Structure formats: C-alpha cells, structure tokens
Amino acid sequence: MHHIGAHLRKICMRSGITRLLSTTAMAALCLTALTGSVRPNNLEQVRMHGEIVMVTRNSPTSFYEDRSGPAGYEFELARAFADHLGVTLNVVVADNLNDIFSTLETGKAAFAAAGLTHTAERERWFRFSQPYMQVTEQVIYRRGALRPQQINDLASGQLVVASGSSHAERLRTLQHSQIPELTWSETPDLEVADMLQMVASGNIDFTVVDSNEFDVLQAYFPNLAIAFDLSEQQNIAWAFSHSRDDSLHQAANQFFGNKENAALLAGLEERYYGHLDKLDYVGAKRFLRQTSNKLDTYKPHFEKAGADHGFDWRLLAAVGYQESHWNPTAKSFTGVRGLMMLTRNTARELGVKNRLDPKQSIFGGSRYLAKLRERLGSDVQEPDRTWLALAAYNVGFGHLTDARKITEQMGGNPNLWLDVKEALPLLSQKRYYRHTRHGFARGQEPVDYVQNIRRYYDVLVWNEEQSPTFSDDENAMQLSSSLITVIPPLL
C-alpha cells in the first residue's frame, strides 16, 4: 500500500496537478495519494466523536428514569455496547414508533433500541442486528368481559394497537390474506401501558402487546389477561439505517456474538424479568387492596427508616408486606413477631422493646437489613448487594454464606444474585449441606422471598411514580382524538 501511494504521488507531481484536475476522479485520486487519508466509516466517526446516539422510547422494558438515574433493559444493553466501542451513550427519546424510524432515517441516531420486532416489512428499510430476545404477540382482554378465542372474534369489540408497530403490520397481513373483514384502530400517541389502562377501564375491548411487556405490566393491571397468542415467537433486535456503510451494524453483531456478553444478557434478563412470575392475579389484587387500605398508615415510618439507612422506602414497605402483609400483630409458627417479623434475639440486639409496635418494628427491621448489607462488603455491587441482604434477612447470614461458597465451588459468582439464587435451594439437599458450616436450610424460601419483594417493590414504584391518570371520560376523549380506524378492503 505504501508503494502504491508513493507511485501515485509521483504521477501527480510529474504530470502537473493543474492539468489532472480537469477530471474530478483524478483529483480525488491525487488528493488521497498526497494526504494518505480516506473518509472514515461510521464506526470510525463514532469513535472519533467519542459518543454514539441511540433512539429509544419511554417504556418499562426499554428506557426510563428512576431515582437512581437512567434505567431499562434496552438502555443498559446499549450502554454496554457503547462501553464495548469505547465511547459514551447519548440517548434520544422519541414520542412514538414512527418518530423512532424517522430519527433513524434522517441520521439523527446511529441505531434504534426500543424493543423492535424484526419483520419482513421493516427489513426493507432497515438493517437489524442479531436478535437478543424473543417475544410473542399477545391479544389482551379484560377479565369478566367476553374473551376472544380467535382472530375472528376480535370483530365483537374495539381493538386498538400502536401505529407503526409490528402488531399493526401483522393485522394488515391477516386482513389481506385471511380475514378481510378484520378492523382495528391505531394510535400514535399512546404507549403500551396507556392502551392496557384503556382495556382495564373498559374504554376499549382489546389490544395487542409483546409478551415481555405484558409480563412487566400485568401486576399493575390484575384484571387483564391473555386471550390468545397472535404470533409465534418473534425476534427483537436493534435497527440500523440501510446505507452502504454497515460498519456499525457489523460492530453490533460482533458485540452480540461475543461469548463474554452471554453473562451480560443473562444478568439483564434476571434483573428485569427474573422475578415477574411471582405475583399472580389473586396476589396482585390482594396487594393493591392492602396498599389502598393500610400503607398510608405506615408510610411515614418507612420513609424515615429509608432515609436513615439508605433504602428506598418502597423497598422497605415491600419487605413489610412480604413479612406480615403490614399486620403489626402478625406471628409465625416459629415465634417471630410484628410487622417486620423480628425474632426475639434480633429485637433484643437491635434495641426493639416491643416487637408489636409498628414503628419500632419498621425501624428495627430496617436497621437489621442495613447491617446485613454492610456485612456483605463493597465488593458486592448494587442491586445484588440488596438482594443478597434480603436473602440473609430471611434465611440467615450463615446460610447465605454457605450458599455463596457453593456458588463459587460450582463456578459461579458469589457476588451475583443471579448465581447465588441457583445455589440456595441446594442447601436442602444432604450432599450439599453436609459440607457446609450451618447445615440444612429450606433454601428455596429465600429465593421466593427476594423475588416476591422485588415484584411488590416494582408495583409500589409504579403506583408512586406514574403521572396522574386520566379519568375514564378523559381517556376516551384522548383516545378518540388520536385513533386511525382501519377499514377492511372492498371485496
């Protein structure tokens, strides 16, 4: 390459640049030879600028902000990709799916990470990375109302989906190929949670959502259920513009193909989806009812205890609900008492004189959880440090230590809840507990305990941080002003 460049430079100099500039091609050739430079590709430009721009949407599965800052499965995955490239991540939040695609088309973002299904129609306009998740499209209805058994039954009520979504694309395909009388409405202004709220309140009859999104949101709408699956499993992937330069697309595929990232994907899966099956319809209804009836009474104590010990008060409230359903006089068969279910010895150690006093119980339990978290040490990062401390609150620090040792012996990471929760149930098997310091334990219980608390905490955060909800009439007005009704084609 060096010899070719030198030869071109000689040609340019000997023949006279002014004569050769009569042709654009030769001018570009000489400039390249003289400077030794070429236009950097998209990946090189990203590294030169030190940042990569992602377009996404606000949703509990993609991107949102909580009290600790930006969060979300897609966000954390994209941030890991940016770290892989050695740049920072810049997030652009679009109002709807159509805006996501236009932002990508106009070059205002390098890629889109928003729970996008890889479809044949979208592939005409965009490149898609290797998939990192699979979902099923599901028809959602309200319990107690007419349940559709198949696609034809959707004609019995009002079906609404997001415009620009893979769900709208699938409905058009079904309308064209199988059911010409199928109709539905599309909205560009409502997110998945909004449409689920409309179904829950009876303003519409059905909607279609991806299975992962319904898994996350179902506990907030316990009167909703899955009618049937509208599709087989579909691939979720990142989208890139369809330009000749596919360097960023290739870099993303390399990132997903890296074996080291398998642990990253597993960790994100556990963090955002690993605890979602722990709150069924009956449990969710009861929890929401208790939240309305009891929580306000104890909320000031949870808030003060959280501020004193560095916990989100809603996490402490979730612990209290898991322990006693916020019953200050609760008693277990083992003799633990009170709202936070303290043992007699633990209460004495914490200076709690009356375990049945809700304020003392809440402050004592919070102080005990903080001590367990402190014992784990700073080598354990959050949120794993809190999940492990909760497990110790339930099963005891000694048994947790035994489980962490088993985790390490099995090749896992004793600092990750993802790995330790696999080892804890082994404490009930003699071939494992016989070699531990503290012996037998009902190890599945702390796993269920932690996962339940995480789910209760999710619901409390959702209830606390949601913007004020519309009334049914306001919802109906907002919906009617933003819908595009799809009329079946003439036969």
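Residues numbered from 1 in each chain as written. Predicted model: local features only at pLDDT ≥ 70, side-chain atom pairs only at ≥ 80, totals over all residues. Heavy atoms only, no water.

**A look at the overall build of the chain**
Argument step 1. Of regular secondary structure, the chain possesses 22 helices and twelve strands.
Argument step 2. Counting over 491 residues, the chain shows a buried share of 50%.
Argument step 3. For the chain, long-range pairs separated by at least 24 residues make up 71% of all intrachain contacts whose partners lie at least 6 apart in sequence.
Argument step 4. Surface summary for the chain: the accessible area is close to 24,500 Å², and the carbon and sulfur share equals 48%. (Helix = DSSP H or I, 4+ residues; strand = E, 2+ residues; numbered from the N terminus. Buried < 20%, exposed > 50% of the residue type's maximum accessible area, 1.4 Å probe, protein only. Contact = heavy atoms within 4.5 Å. Areas by Shrake-Rupley, 256 points an atom, 1.4 Å probe, with all protein chains shown as cover.)

**Digging into unusual backbone geometry**
Of all residues except glycine, most have a negative phi; of all peptide bonds, most are trans.
Argument step 1. Cis geometry marks the peptide bond from Glu382 to Pro383; its omega dihedral reads 5°.
Argument step 2. You can see Pro383 is positioned in the loop between α16 (358–376) and α17 (384–395).
Argument step 3. Of note in the backbone geometry, Met341 takes a positive phi value of approximately 50° without being a glycine.
Argument step 4. Within the secondary structure, Met341 sits in the loop between α14 (313–324) and α15 (344–350).

**Some points on empty space enclosed by the protein**
Argument step 1. Inspection of the entire model under this criterion finds two cavities of 30 Å³ or more.
Argument step 2. What the largest cavity holds in volume is close to 40 Å³.
Argument step 3. Along its surface, the largest cavity is lined by Thr61, Ser62, Tyr73, Glu74, Gly115, Met133, Asn212, Ile236 and Tyr273.
Argument step 4. What the second largest cavity holds in volume is close to 40 Å³. (1 Å grid on protein atoms, 1.4 Å probe; cavity = no way out; pocket = protein on both sides within 12 Å on 5 of 7 lines; lining within 4 Å. Points joined across faces, edges and corners; volume = space filled by probe spheres on them.)

**Description of the packing of aromatic side chains**
Argument step 1. Inspection of every chain in the model, using the stated rule, returns 23 aromatic pairs.
Argument step 2. Relative to Tyr321, the ring of Phe287 has its centre 4.7 Å away and its plane inclined at 70°; by these criteria the two rings are edge-to-face. One end of the pair, Phe287, is in helix α13 (residues 281–309); the other, Tyr321, is in helix α14, and 34 residues separate them in sequence. Each of the two residues, Phe287 as well as Tyr321, counts as buried.
Argument step 3. Three or more aromatic residues joined by ring pairs form one cluster here, namely Tyr73, Phe81, Phe111, Tyr132, Trp238, Phe240, Phe255, Phe256, Tyr272 and Tyr273.
Argument step 4. We note Lys359 situated over the ring of Phe363; from NZ or CZ to the ring centre the distance is 6.0 Å.
Argument step 5. One Lys or Arg, Arg375, reaches over the ring of Phe397 and ends 3.9 Å from the middle of that ring. (Phe/Tyr/Trp six-rings, centres within 6.5 Å; stacked < 30°, edge-to-face > 60°. Lys NZ or Arg CZ within 6 Å of the ring centre and 35° of its normal.)

**Digging into the side chain of Arg337**
Argument step 1. Mapped onto the secondary structure, Arg337 falls in the loop between α14 and α15.
Argument step 2. A polar contact is formed between the side chain of Arg337 and the backbone oxygen of Ala330, at a distance of 3.3 Å.
Argument step 3. Arg337 has contacts with Thr329, Ala330, Lys331, Leu342, Arg355 and Leu356, leaving out every residue within four places of it along the chain. (Polar contact = N/O pair within 3.5 Å; in protein donor to acceptor, adjacent residues only side chain to side chain.)

**A word on the packing of α16 against helix α18 (residues 397–409)**
Argument step 1. Interhelical geometry of α16 versus α18 gives an angle of 30° and a closest axis separation of 12 Å. Between α16 and α18, the interaxial angle falls into the category roughly parallel. The two elements α16 and α18 cross, and the hand of that crossing is right-handed. Contacts from Leu372, Arg375 and Leu376 in α16 reach Phe397, Leu400 and Arg404 in α18.
Argument step 2. The residue inventory of the contact of α16 with α18, partitioned by class, reads four nonpolar, no polar and two charged. (Axes fitted to C-alpha atoms, helices over the stretch in contact; angles between N-to-C directions. Parallel < 35°, antiparallel > 145°, perpendicular 65-115°, else oblique. Left-handed = near helix turned anticlockwise from the far one by under 90°. Nonpolar A, V, L, I, M, F, W, Y, C, P; charged D, E, K, R; others polar.)

**Digging into the nonpolar core**
Argument step 1. Within the largest apolar cluster, 122 residues are counted, with the highest numbers of intra-cluster contacts made by Ile52, Phe111, Trp238 and Phe302.
Argument step 2. Setting aside residues up to four positions removed in sequence, Ile52 forms contacts with Val46, Phe81, Ala82, Leu85, Val87, Thr88, Leu89, Asn90, Ala110, Phe111 and Leu248.
Argument step 3. Counting 18 residues, the second largest nonpolar core, distinct from the first, contains Ile151, Leu171, Ile179 and Phe228. (Core = buried A, V, L, I, M, F, W, Y, C linked by side-chain atoms within 4.5 Å.)

**Notes on the pairing of strand β1 (residues 51–57)**
Argument step 1. Taken across its seven residues, β1 has six buried, putting it largely inside the fold.
Argument step 2. Direction of pairing for β1 relative to strand β4 (residues 88–94): parallel, over a ladder of seven bridges. Across the sheet, Thr56 pairs through a bridge with Val93, a residue of β4.
Argument step 3. Inspection of the sheet shows β1 paired to strand β5 (residues 111–117) by two bridges, in the parallel sense. Note on β5: the bridge partner recorded for Met54 is Phe111. (Pairing = 2+ DSSP bridges.)

**A word on the pattern of salt bridges**
Argument step 1. All chains considered together, the criterion is met by 13 salt bridges.
Argument step 2. A salt bridge links Glu445 to Arg442; the nearest nitrogen and oxygen atoms lie 2.8 Å apart.
Argument step 3. For Glu445, a relative accessible area of 39% gives the class partly exposed.
Argument step 4. By relative accessible area, Arg442 is classed as partly exposed at 47%. (Salt bridge = Lys/Arg side-chain N within 4 Å of Asp/Glu carboxyl O.)

**Quick word on the environment of Tyr298**
Argument step 1. Tracing the backbone shows Tyr298 in helix α13.
Argument step 2. For Tyr298, a relative accessible area of 11% puts it in the buried group.
Argument step 3. Those residues within four positions of Tyr298 in sequence are excluded, and the remaining contacts are Trp326, Pro328, Leu339, Pro358 and Ile362.

**Some points on the confidence of the model for the chain**
Argument step 1. Per-residue pLDDT for the chain averages 85, and the proportion of residues at 70 or more is 85%.
Argument step 2. In the model, residues 467–473 has pLDDT below 50 throughout and makes four contacts with residues more than four positions away in sequence or in other chains.
Argument step 3. Predicted confidence is poor over residues 487–491, with pLDDT under 50, and the contacts of this stretch with residues over four places away or in other chains come to nine contacts. (pLDDT = per-residue confidence, 0-100.)

**Some points on the pairing of strand β11 (residues 224–241)**
A regular strand carries its side chains on alternate faces of the sheet.
Argument step 1. In this structure, β5 lies alongside β11, joined through three bridges in antiparallel fashion. The residue of β11 that forms the bridge with Ala112 is Ala239.
Argument step 2. Direction of pairing for strand β6 (residues 126–128) relative to β11: antiparallel, over a ladder of three bridges. Bridged to Phe128 within β11 is Ala239.

**Some points on the packing of helix α5 (residues 73–85) against helix α11 (residues 247–257)**
Argument step 1. One way to put it is that α5 packs onto α11 with a least axis distance of 11 Å and a crossing angle of 105°. Overall, the two elements α5 and α11 adopt an arrangement that is roughly perpendicular. Mapping the contact onto sequence places Leu77, Ala80, Phe81, His84 and Leu85 in α5 and Leu248, Ala251, Ala252, Gln254, Phe255 and Phe256 in α11.
Argument step 2. Here the contact of α5 with α11 is built from residues that sort into nine nonpolar, two polar and no charged.

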